[in-house]
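# What the coordinates show
For reference, the chains in residue letters:
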Amino acid sequence: DAGVIQSPRHEVTEMGQEVTLRCKPISGHNSLFWYRQTMMRGLELLIYFNNNVPIDDSGMPEDRFSAKMPNASFSTLKIQPSEPRDSAVYFCASRHTPGPSYEQYFGPGTRLTVT
Amino acid sequence: SQQGEEDPQALSIQEGENATMNCSYKTSINNLQWYRQNSGRGLVHLILIRSNEREKHSGRLRVTLDTSKKSSSLLITASRAADTASYFCARGQTGANNLFFGTGTRLTVIP
């Protein structure tokens, strides 16, 4: 399996622009998680889906952030409009549930820089 | 905070030495996991210990869990330069799919 795939790997954009991050989970996994990592705040859970349904979006910073999972093999995280404080590495992770293993499989991340 | 807290924040050792990292948490758990993150990469799962277990081994890794103290430790024996990375503990709860990650320990193994 190719693992969790994220695109783009790097994104540089100007303040006010719309940014869309993409994630393809591991085939057969039915839980998907979006995280944000910064030096100041560490690793934060933004939102997670079970069977394509958002379960907990309490970590989404504000209305500028939105996430969708139209099918089992694709999810997007959108920021509109973007701000410099959104600069971070965004990770997508997936997991198969139910199952004996609780581990999450992380993608390589998207490094977002907003100038 | 529901997050775990790792201690120390940074650790530097010589190759061949053992490295011990600690994790404390505040609420009850179903399991506790340790992940590793190399610079510029995603997190990789290392080992999971369930709340009814006290110790677990995987290769050079040894994890202990003390639920009465709400703490866990990760021991890496005979460290190698390639072990240089950040290590995170993550708390899992019954019935919940999400994990709560700690702040991480940055380990540097000097060749």
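Residues numbered from 1 in each chain as written. Chains lettered and ligands numbered in written order. Predicted model: local features only at pLDDT ≥ 70, side-chain atom pairs only at ≥ 80, totals over all residues. Heavy atoms only, no water.

## Things to note about the overall build of chain A
What counts is decided by this rule: Helix and strand definitions here come from DSSP, where helices need a minimum of 4 consecutive H or I residues and strands a minimum of 2 consecutive E residues; each element is numbered from the N-terminal end. The globule rule used here is 2.2 Å times the number of residues to the 0.38 power, and the radius of gyration it is set against is calculated over C-alpha atoms. Categorising residues by exposure relies on relative accessible area from a 1.4 Å probe, with only protein chains included: less than 20% of the type maximum marks a residue as buried, more than 50% marks it as exposed, and the intermediate range marks it as partly exposed. Whether two residues touch is decided by their heavy atoms; if any such pair falls within 4.5 Å, the residues are in contact.
The secondary structure content of chain A amounts to zero helices and eleven strands. Written out in order from the N terminus, the α and β elements of chain A read β-β-β-β-β-β-β-β-β-β-β. Against the globule reference of 13 Å for 115 residues, chain A gives a C-alpha radius of gyration of 13 Å, in line with a compact fold. Dimensions of chain A, computed from the C-alpha atoms along their principal axes, are close to 45 × 25 × 25 Å. Each of the 115 residues in chain A was classed as buried or not, and the buried ones make up 48%. Of the contacts formed within chain A by residues at least 6 apart in sequence, a portion of 55% connects residues at least 24 apart.

## A few points about the sheet that holds strand S3 (residues 19-24) of chain B
Strand pairing in a sheet is mediated by backbone hydrogen bonds. Such pairs are either parallel or antiparallel. All names here are of chain B. Quick note on the threshold: In this description, strands pair whenever DSSP reports at least two bridges between them. Between N-to-C directions, angles span 0 to 180 degrees; the directions come from axes that are lines fitted to C-alpha atoms, helices contributing only their stretch in contact.
Taken together, the five strands give an open sheet; going across it, the order is S1-S3-S8-S7-S6, and neighbouring strands pair in antiparallel fashion. Strand pairing shows two members of the sheet lacking a second neighbour, strand S1 (5-7) and strand S6 (55-58), which therefore form its edges. In this sheet, adjacent strand axes meet at a mean angle of 20° when their direction is disregarded. Here six bridges tie strand S7 (residues 61-66) to strand S8 (residues 71-76), and the two strands are oriented antiparallel to one another. The residue bridging Leu61 from the neighbouring strand is Ile76, located in S8.

## So, the sheet that holds strand S8 (residues 74-79) of chain A
Residue and element names in this part refer to chain A. Read across the open sheet, the four strands follow the order S1-S3-S8-S7; overall the sheet is antiparallel. Strands with a single pairing partner mark the edges of an open sheet, and in this sheet they are strand S1 (5-7) and strand S7 (65-71). Geometrically, the sheet is characterised by an average inter-axis angle of 15° between neighbouring strands, direction not taken into account. Relative to S8, strand S3 (residues 19-24) runs antiparallel, the two sharing five bridges. The residue of S8 that forms the bridge with Cys23 is Ser75.

## Some details on the pairing of strand S11 (residues 110-114) of chain A
All names here are of chain A. Alternating residues of S11 divide into Thr110, Leu112 and Val114, all buried, and Arg111 and Thr113, none buried. Where strand S2 (residues 10-13) lies against S11, four bridges are found, and the strand directions are parallel. By the bridge assignment, Val12 is partnered in S11 with Thr113. Note that strand S9 (residues 88-95) and S11 share three bridges and pair antiparallel. Paired with Ala88 across the strands is Leu112, a residue of S11.

## Concerning the pattern of salt bridges
Residue and element names in this part refer to chain A. The criterion, for reference: When a carboxyl oxygen of Asp or Glu lies within 4 Å of a side-chain nitrogen of Lys or Arg, that pair is called a salt bridge.
Under the criterion given, the structure shown has twelve salt bridges over all chains. As a salt-bridge pair, Glu44 and Arg36 come within 3.2 Å of each other at their nearest N and O atoms. Arg36 sits in the buried class, given a relative accessible area of 9%. Ionic pairing is found between Arg85 and Glu62, a salt bridge with its closest N-O pair at 3.2 Å. Taken together, the residues Arg85 in the loop between S8 and S9 and Glu62 in the loop between strand S6 (53-56) and S7 connect sequence positions 23 residues apart. According to the relative accessible area criterion, Arg85 is exposed, its value standing at 55%.

## What about the state of the cysteines?
We apply this condition: Sulfur atoms of two cysteines make up a disulfide when they are within 2.5 Å.
Summed over all chains, the structure comprises two disulfides over all chains. Through a disulfide, Cys23 of chain A is tied to Cys92 of chain A; the S-S separation comes to 1.9 Å. Across the S-S bond linking Cys23 of chain A and Cys92 of chain A, the dihedral sits near -65°, which makes this disulfide left-handed. Of this pair, Cys23 of chain A sits in strand S3 while Cys92 of chain A sits in strand S9; the two residues are 69 residues apart in sequence, bridging distant segments of the chain. Across a sulfur-sulfur distance of 2.0 Å, Cys23 of chain B and Cys89 of chain B are joined as a disulfide pair. Measuring handedness by torsion sign, the sulfur bridge of Cys23 of chain B and Cys89 of chain B sits at about 65° and is right-handed. Of this pair, Cys23 of chain B sits in strand S3 while Cys89 of chain B sits in strand S9 (residues 85-92); the two residues are 66 residues apart in sequence, bridging distant segments of the chain. Like Cys89 of chain B, Cys23 of chain B is buried.

## Thoughts on the interface of chain A and chain B
For clarity, the threshold we go by: Each of two parts loses accessible area, computed with a 1.4 Å probe, when they are put together; buried area is these two losses added. N or O atoms closer than or at 3.5 Å make up a polar contact, with two conditions inside protein: a donor-capable atom paired with an acceptor-capable one, and, for residues adjacent in sequence, both atoms drawn from side chains. Amino acid classes used here: Ala, Val, Leu, Ile, Met, Phe, Trp, Tyr, Cys and Pro are nonpolar; Asp, Glu, Lys and Arg are charged; the rest, including Gly, are polar.
Chain A puts 19 residues into the contact, and the matching count from chain B is 19 residues. When chain A packs against chain B, the two sides together hide about 1,500 Å² of surface, and 47% of this comes from carbon and sulfur. When residues of chain A are sorted by the area they lose upon contact with chain B, Leu43, Tyr102 and Phe106 of chain A head the list and together hold 36% of the total. There are zero salt bridges connecting chain A and chain B. Applying the counting criterion to the chain A and chain B interface returns two residue pairs in polar contact (both at pLDDT 80 or more). Residue assignment for the side of chain A that touches chain B shows that the elements contributing at least two residues are strand S4 (31-38), strand S5 (42-50) and S9 of chain A. Considering only residue class, the side of chain A that touches chain B consists of ten nonpolar, six polar and three charged.

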